[in-house]
Structures are given as structure tokens and as C-alpha cells.
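# Commentary on secondary and tertiary structure
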Amino acid sequence: MTQIPANRLDQIANRFAELEARMASGTLEGDEFVQASRDYAELEPVAKVAAEVKAMREEIEELEEMLADPEMKAMAEEELAQIREALPKKERQLAIALLPRDAADSKPAMLEIRAGTGGDEAALFAGDLYRMYERFAAEQGWRVEPVSMNASEVGGFKEIVANVSGQGVFAKLKFESGVHRVQRVPVTESGGRIHTSAATVAVLPEPDEVDVEIADQDLKIDIYRASGAGGQHVNTTDSAVRITHLPSGIVVTQQDERSQHKNRAKAMQVLRARLYEKMRDEAQGAEAEARKAMVGSGDRSERIRTYNFPQGRVTDHRIGLTLHKLEEVLAGPGLGELVDALIAEDEAKRLAALSE
């Protein structure tokens with residue numbers, strides 16, 4: 001791994017000192033203060049690691065000079081060995097911190113889960129996945145707000161879309177997009193045979209309104225009467241909304257709310273996220289298209305992860321990691337181990353690419 005040059009460490013320290021001075025000056029207001037606060041928050045952890053690397057390098061130089069003193073040599077050698085062992089780990093930590101960041105990493109996300117192959121069992125599994133993400137989000141201090149859902153008669157969901165907001169949501173969830181496969185004996189199966197079903201997960205960064213401009217003339221908006229479960233839940237007014245974005249052909253429907261205005265607002269929220277993802281895919285090219293293709297049709301063969309109930313294991317096929325803690329993963333805490341492993345693998349690949 002290429003060592004971070006000393007002048008780069010100085011640049012980081014100088015930039016951080018400059019931001020500290022600006023924040024302390026009391027002269028920043030409005031958007032300028034917001035931007036400075038964001039820059040400070042992003043640079044602070046990097047500056048801390050850079051300062052530690054610089055201090056360790058300087059300490060090595062001082063200890064190497066002490067080796068010439070017979071009385072200090074033994075102590076200097078011992079401390080040198082410790083710092084030389086620790087420095088590469090700290091250098092790698094800094095290199096990772098300096099990797100180019102996805103501009104969407106800090107954004108909230110739109111989580112979309114759909115039942116795939118497997119009928120009722122796939123819908124039940126989609127419900128299990130949604131609850132897993134809900135619990136994981138609660139652990140992270142995030143907020144999950146359902147935007148739309150299509151419940152299955154047997155439980156679970158044919159489709160559910162939710163907004164997940166909080167710190168670093170998209171950065172942690174973006175590798176969850178793809179087909180998730182489950183192997184278990186369904187509750188609807190009397191013969192006790194193991195079935196394989198699937199559900200698709202898509203995680204889209206939710207943009208700010210300034211990130212995606214949508215012209216009114218590009219929208220076709222249809223208002224109709226929502227379908228319901230009957231009785232008091234049947235909507236007696238035209239409140240359901242279907243929005244078609246004419247240039248892209250993206251169609252979003254929303255009917256969960258009784259208010260037409262609320263349904264329209266939620267539909268626009270989903271549309272904006274899908275358009276933003278389309279823009280990102282086009283900007284990032286073939287690599288992004290390949291990543292999007294992972295979601296596929298929901299066929300069982302297109303899986304990124306398998307949840308095997310008989311063996312109590314979860315396997316992520318992209319990184320070859322198997323955890324024999326299925327219940328812990330579905331309960332939320334265990335998912336963090338998979339998420340961290342996927343992030344670490346991505347960082348390692350990007351570091352390797354920079355070194356080539």
C-alpha cells in the first residue's frame with residue numbers, strides 16, 4: 001500500500017485548522033454555516049487519524065536517533081518495534097478515510113422489498129426481511145417510515161416501500177440491493193418439505209429536491225379511487241395517485257393515505273429517489289448497470305444472500321461469508337456483521353485499485 005506523503009498530512013491538518021477557525025469566528029450564517037459544518041464533520045475523523053499517523057512517524061524518527069545512545073538503546077528498540085507494528089494499521093485506516101466517497105453515502109434511503117419466486121412463502125419472507133431492517137435501523141438510531149405497502153393475505157408483503165432516515169443510512173445499506181433467498185419449511189406446507197423462495201431488495205439514496213429537478217410538464221398525474229379491504233377501509237373519494245414521468249417512463253402509484261395530497265407527496269418522494277438512482281447509474285456507467293442488474297427478476301438463481309433455516313446459517317455469496325447465526329441476523333444485531341464485512345471488502349478493492 002502506498003504511503004500517504006507527509007505534505008498530504010500537512011494539507012489535511014491545515015485545512016482542518018482553517019475550518020476550526022471559521023467555525024469559531026461566529027461570522028458564518030445560513031447556507032455558508034451549514035456547508036462549513038458539513039465539511040467540518042466530514043474532515044474531523046480524517047484529521048484525527050492523519051495527526052496520529054504524523055505523530056507516530058515523528059516518534060519513530062526520535063527513537064531511531066536514541067538507538068545511538070547505549071543507555072537508551074534497549075528501551076528505544078522495544079518502543080520502535082511496537083510503533084512499527086501499529087503504524088501500517090493506522091496508515092491503512094487513513095488511506096481508507098481518504099478514499100473518494102459516494103456523494104450519496106450520507107443521504108437517507110428508500111428501501112423497497114418485493115416478494116419474488118415462491119408465492120405466499122416469498123411474501124412471508126419479504127415481511128421477515130422488512131422486520132430485520134427495521135430492527136437493524138433501530139439499533140443504528142435511524143427512523144423507518146413506511147411509504148407504501150401491499151400486504152399478503154397470509155401475512156408478510158407482496159411489496160413494501162419505506163423511507164429510512166438517519167446518519168450514514170445509504171452508506172451502510174447500499175450493498176443490500178439484490179435477491180435474497182430463503183430455504184425453509186413454509187408454515188403453509190403440510191408435508192414438511194424444504195422450499196426455496198426469494199425476495200428482492202432495492203436500496204435507493206433519497207435525494208434532496210435540489211438534486212433532482214422535475215418539471216411539471218414532464219408529469220402525467222392520474223387520480224382514481226383507491227382499492228381497499230372493504231367495509232370502513234374502502235376509500236369513497238378519488239384519493240389514489242399514479243404519477244408517470246414521461247421522459248423516463250417511470251411510474252409510481254400511491255394509495256395508502258386517505259388524502260390525495262399526502263398520496264401525491266409520497267409518490268413524488270419515491271419518484272424522486274428512482275430518478276436520482278437512474279441519474280447515478282447513467283453517470284457511473286456500466287459498473288452501476290451491473291450492480292442494478294443484481295436485483296433482477298426475483299428468480300431464485302440470482303441470489304446475493306441465502307438464509308438457510310434448517311442449518312441456521314446465512315451466506316453472502318458475493319464475499320463468500322457464512323455466519324451460523326441466522327436468528328441473530330434476522331433479529332438485527334447479526335446483520336451488522338454482514339454489513340461491516342461488505343463495506344470492508346469494498347474498501348479493500350478500492351484501495352487495491354488505487355495501488356495498481
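To be clear, the structure that these remarks concern was listed above.
These remarks concern the structure in this document. Because the structure is predicted, anything quoted here is derived from the model rather than measured. (Residues numbered from 1 in each chain as written. Predicted model: local features only at pLDDT ≥ 70, side-chain atom pairs only at ≥ 80, totals over all residues. Heavy atoms only, no water.)

## So, helix H3 (residues 70-97)
For H3, with 28 residues, the first-to-last C-alpha span of 40 Å sits near the 40 Å given by 1.5 Å per residue. Ala76 marks where H3 bends most, by close to 30 degrees. Of the residues that open H3, the one with a side-chain oxygen 3.0 Å from the backbone nitrogen of Glu71 is Asp69. (Helix = DSSP H or I, 4+ residues; strand = E, 2+ residues; numbered from the N terminus. Expected span 1.5 Å × (residues − 1). Bend = angle between axes of the 7 residues up to and from the residue. Polar contact = N/O pair within 3.5 Å; in protein donor to acceptor, adjacent residues only side chain to side chain.)

## So, the side chain of Ser239
Here Ser239 shows up in the loop between strand S6 (219-224) and strand S7 (240-245). The contacts of Ser239, once residues within four sequence positions are left out, are Tyr224, Ala226, Glu257, Arg258, Ser259, Gln260 and Asn263. (Contact = heavy atoms within 4.5 Å.)

## What to know about the sheet that holds S7
Across the sheet, three strands lie side by side as S6-S7-S8; this open sheet has antiparallel pairing. Edge positions in the sheet fall to S6 and strand S8 (250-254), since each has one partner strand and no second. For this sheet, the mean angle separating the axes of adjacent strands, direction not counted, is 15 degrees. One ladder, built from six bridges, connects S6 with S7; its direction is antiparallel. The residue bridging Lys220 from the neighbouring strand is Thr244, located in S7. (Pairing = 2+ DSSP bridges. Axes fitted to C-alpha atoms, helices over the stretch in contact; angles between N-to-C directions.)

## Thoughts on helix H2 (residues 30-66)
Quick reminder: α-helices carry 3.6 residues per turn. Residues three or four places apart thus point the same way. Across its 37 residues, H2 extends 53 Å between first and last C-alpha, which sits within 8% of the 54 Å expected from 1.5 Å per residue. Restricting attention to buried positions, one finds in H2 the residues Ala36, Leu43, Val46, Ala47, Val49, Ala50, Val53, Met56, Arg57, Ile60 and Leu63. (Buried < 20%, exposed > 50% of the residue type's maximum accessible area, 1.4 Å probe, protein only.)

## Comments concerning the packing of aromatic side chains
Applying the stated criterion across every chain, the model contains four aromatic pairs. When the ring of Phe16 is compared with that of Tyr40, the centres are 5.1 Å apart and the planes differ by 25 degrees; the resulting orientation is stacked. Taken together, the residues Phe16 in helix H1 (residues 6-25) and Tyr40 in helix H2 connect sequence positions 24 residues apart. The exposure class assigned to Phe16 is buried, which follows from its relative accessible area of 13%. The class of Tyr40 is partly exposed, set by a relative accessible area of 21%. For the pair Phe125 and Tyr307, a centre-to-centre distance of 5.4 Å together with 65 degrees between the ring planes defines the contact as edge-to-face. With a gap of 182 residues between them, Phe125 in helix H4 (residues 120-140) and Tyr307 in strand S9 (residues 303-308) connect regions that are remote in the sequence. Side by side, Phe125 and Tyr307 carry an identical accessibility label, which is buried. Here the basic side chain of Arg184 rests over the ring of Phe309, its NZ or CZ set 4.8 Å away from the ring centre. (Phe/Tyr/Trp six-rings, centres within 6.5 Å; stacked < 30°, edge-to-face > 60°. Lys NZ or Arg CZ within 6 Å of the ring centre and 35° of its normal.)

## Section: the pairing of strand S10 (residues 313-316)
The two faces of S10 match: Arg313 and Thr315 on one face and Val314 and Asp316 on the other face are all buried. Counted between consecutive antiparallel strands, the loop separating S9 from S10 contains four residues, among which Gly312 sits at a positive phi close to 60 degrees. In the sheet, S10 pairs with strand S11 (residues 321-323) via three bridges, with the strands oriented antiparallel. Among the inter-strand pairings, Thr315 is bridged to a residue of S11, identified as Thr322. Between the end of S10 and the start of S11, which pair antiparallel, lie four residues, with Gly320 showing a positive phi angle near 65 degrees.

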